[in-house]
Amino acid sequence: MKNVLKGLIVTLFALLFVMPAFAYKSEYKMSIVVGPKGPWGEAATKFANLVRARTDGRINIKPYFAGQLFAGKQTNEFLLLRRGVADFALGSTINWSTVIKPLNLFSLPFFFKNYQEVDAVTGGRTGKKLFRILSRKGVVGIGWGENGFRALTNSKRPIRVPSDLKDLKIRVVGSPIFIDIFRALGANPTSMNWSDAVPAFRQRVVDGEENPINVVIIPYKVYDFHRYITVWHYLIDPLILGVNKADWQSFSKKDRRILRRTAREVLDWEKIRARDGLEGSTKALDFLKSKGMKVTVLTESQRKLFKQKTAPVMAKWTKIVGKNIVKSADKDIARLEK
Ligand code: X2X
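Residues numbered from 1 in each chain as written. Predicted model: local features only at pLDDT ≥ 70, side-chain atom pairs only at ≥ 80, totals over all residues. Heavy atoms only, no water.

## What about helix H15 (residues 323-337)?
Here H15 spans 22 Å end to end across 15 residues, near enough to the 21 Å set by a 1.5 Å rise per residue. For H15, every residue scored as buried is listed here: Ile 325, Val 326, Ser 328, Ala 329, Asp 332 and Ile 333. One face of H15 carries all of its buried residues, which in axial projection span an arc of 160 degrees. Facing away from the buried surface of H15 by more than 90 degrees, the exposed residues are Lys 323, Asn 324, Lys 327, Lys 331 and Glu 337. Looking at the packing, one finds that the buried side of H15 touches helix H5 (115-122), helix H6 (125-136) and helix H14 (311-321). (Helix = DSSP H or I, 4+ residues; strand = E, 2+ residues; numbered from the N terminus. Expected span 1.5 Å × (residues − 1). Buried < 20%, exposed > 50% of the residue type's maximum accessible area, 1.4 Å probe, protein only. Arc of directions from axis to C-beta. Contact = heavy atoms within 4.5 Å.)

## A look at unusual backbone geometry
The backbone phi angle of Lys 221 is positive, close to 50 degrees, even though this residue is not glycine. Within the element layout of this structure, Lys 221 appears in the loop between helix H9 (213-217) and strand S8 (228-231).

## Things to note about the site of the ligand
Around the ligand, the structure places 13 residues, and the nearest of them are Gln 74, Asn 95, Arg 150, Arg 171 and Asn 211. At a separation of 2.8 Å, an oxygen atom of the ligand approaches a polar side-chain atom of Gln 74. Within the contact set of the ligand, an oxygen atom lies 2.9 Å away from a side-chain nitrogen or oxygen of Asn 95. Compared with its free state, where it exposes 270 Å², the ligand has 100% of that area covered by protein. When the residues that make up the shell around the ligand are grouped by side-chain class, the tally is 5 nonpolar, 5 polar and 3 charged. (Near = heavy atom within 4 Å. Polar contact = N/O pair within 3.5 Å; in protein donor to acceptor, adjacent residues only side chain to side chain. Areas by Shrake-Rupley, 256 points an atom, 1.4 Å probe, with all protein chains shown as cover. Nonpolar A, V, L, I, M, F, W, Y, C, P; charged D, E, K, R; others polar.)

## Re the pairing of strand S1 (residues 28-31)
Pairing of S1 with strand S2 (residues 61-64) involves 4 bridges; the strand directions are parallel. Bridging across to S2, Lys 29 finds its partner in Lys 62. Taking the sense of rotation as the criterion, the β-α-β connection linking S1, helix H2 (residues 38-54) and S2 turns out right-handed. Strand direction decides the pairing type here: S1 and strand S3 (residues 88-92), joined by 2 bridges, are parallel. Paired with Ser 31 across the bridge in S3 is Ala 89. (Pairing = 2+ DSSP bridges. Right-handed = clockwise from strand over helix to strand, strands pointing away.)

## Details of a positive patch on the surface
Residues Arg 82, Arg 83, Arg 125, Lys 128, Lys 129, Arg 132, Arg 136, Lys 137, Lys 319, Lys 323, Lys 327 and Lys 331 make up a contiguous surface patch of positive charge. If you list the elements that add at least two residues to the positive patch, you get helix H3 (77-83), H6 and H15. Tracing the backbone through its elements, the reader meets Lys 327 in helix H15. Accessibility expressed as a relative area gives 60% for Lys 327, which makes it exposed. (Patch = residues over 30% accessible without salt bridge, like charges linked within 9 Å, V, L, I, M, F, W, Y side chains within 5 Å. Salt bridge = Lys/Arg side-chain N within 4 Å of Asp/Glu carboxyl O. Lys, Arg positive; Asp, Glu negative; His and termini not counted. Charge placed at Lys NZ, Arg CZ, Asp CG, Glu CD.)

## Observations regarding the packing of aromatic side chains
Per the stated rule, a full pass over the model turns up 21 aromatic pairs. Look at Phe 106 and Phe 112: their rings are 5.7 Å apart centre to centre, the planes differ by 15 degrees, and that puts the pair in the stacked class. Phe 112 matches Phe 106 in its accessibility class, with the two residues each being buried. Cluster of aromatic residues (ring-pair linked, three or more members): Tyr 24, Tyr 28, Phe 47, Phe 88 and Phe 251. For Lys 46, the ring lying beneath its charged end belongs to Trp 269, and the centroid distance is 4.5 Å. (Phe/Tyr/Trp six-rings, centres within 6.5 Å; stacked < 30°, edge-to-face > 60°. Lys NZ or Arg CZ within 6 Å of the ring centre and 35° of its normal.)

Structural data, given as structure tokens:
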């Protein structure tokens, strides 16, 4: 009798604590706002394939491109990931920033000057702090990728000084800091999901938009709709590879290590492609010129005029991001100079 009882207890224990760890789903859904073409989508496919191979098929991730999982509203992605509608997401910090306010750090106008500063922050103490915040909200961040510094395109005229933007209708993501920035610059911003934005360019419902060159503007051929582009490095859009926390906790230690290692490897590869021909080279801009675009690269003094105009937005949003996070980012950047 005693042995039967013992057996029962052992079985119960196994069912409660050991079994769930190995009760993997047959498919893990991964959310991506863009399509499979370009560094962002290709990184999602590469990650899924490598993880499947390295876990001998235990973790079978299926990428759902073009926002299929969130039925159009891209700023819902974080909530869907937290709830487990998606198990994984390779998401833009902009899209998640409506829920996780500190992620607006990356959208502070003219805060980051170059990629080195961005790397110092995402790879530094601030990046870890942000991942702790995500984890408290039910999402485990396992790597940083990149959409990129966002450039401004439009069909009307070259943008060199803030007054050039006057009354231009600019499509932005449905994130309030973008509305504030473009209003401060005298433009007429309108928020729209990416899935609606491309048809809106075609139908000329809007005059312009802003997005990174390698990851969005080139794969989506925005040059077919907009003749003018301004490279102004006004803000950066890092990507985060996030995992639903309950899923994460169900994975074995070994599989978690595989996921982290694969995320780092794939996102390092993705970041190189996102930056290719954009630093220390004019390759990406030459390509845009070959497609008929008129390229304006702001000088430091031109950039200052835009920075001055958006100073009130910076002040307002520093408070929303959290002064501690902004200070922490300043410190990570200052460490670069030492
Ligand atoms: O919607 C956009 O502009 C995009 C694709 O860059 C993001 O998801 C933030």
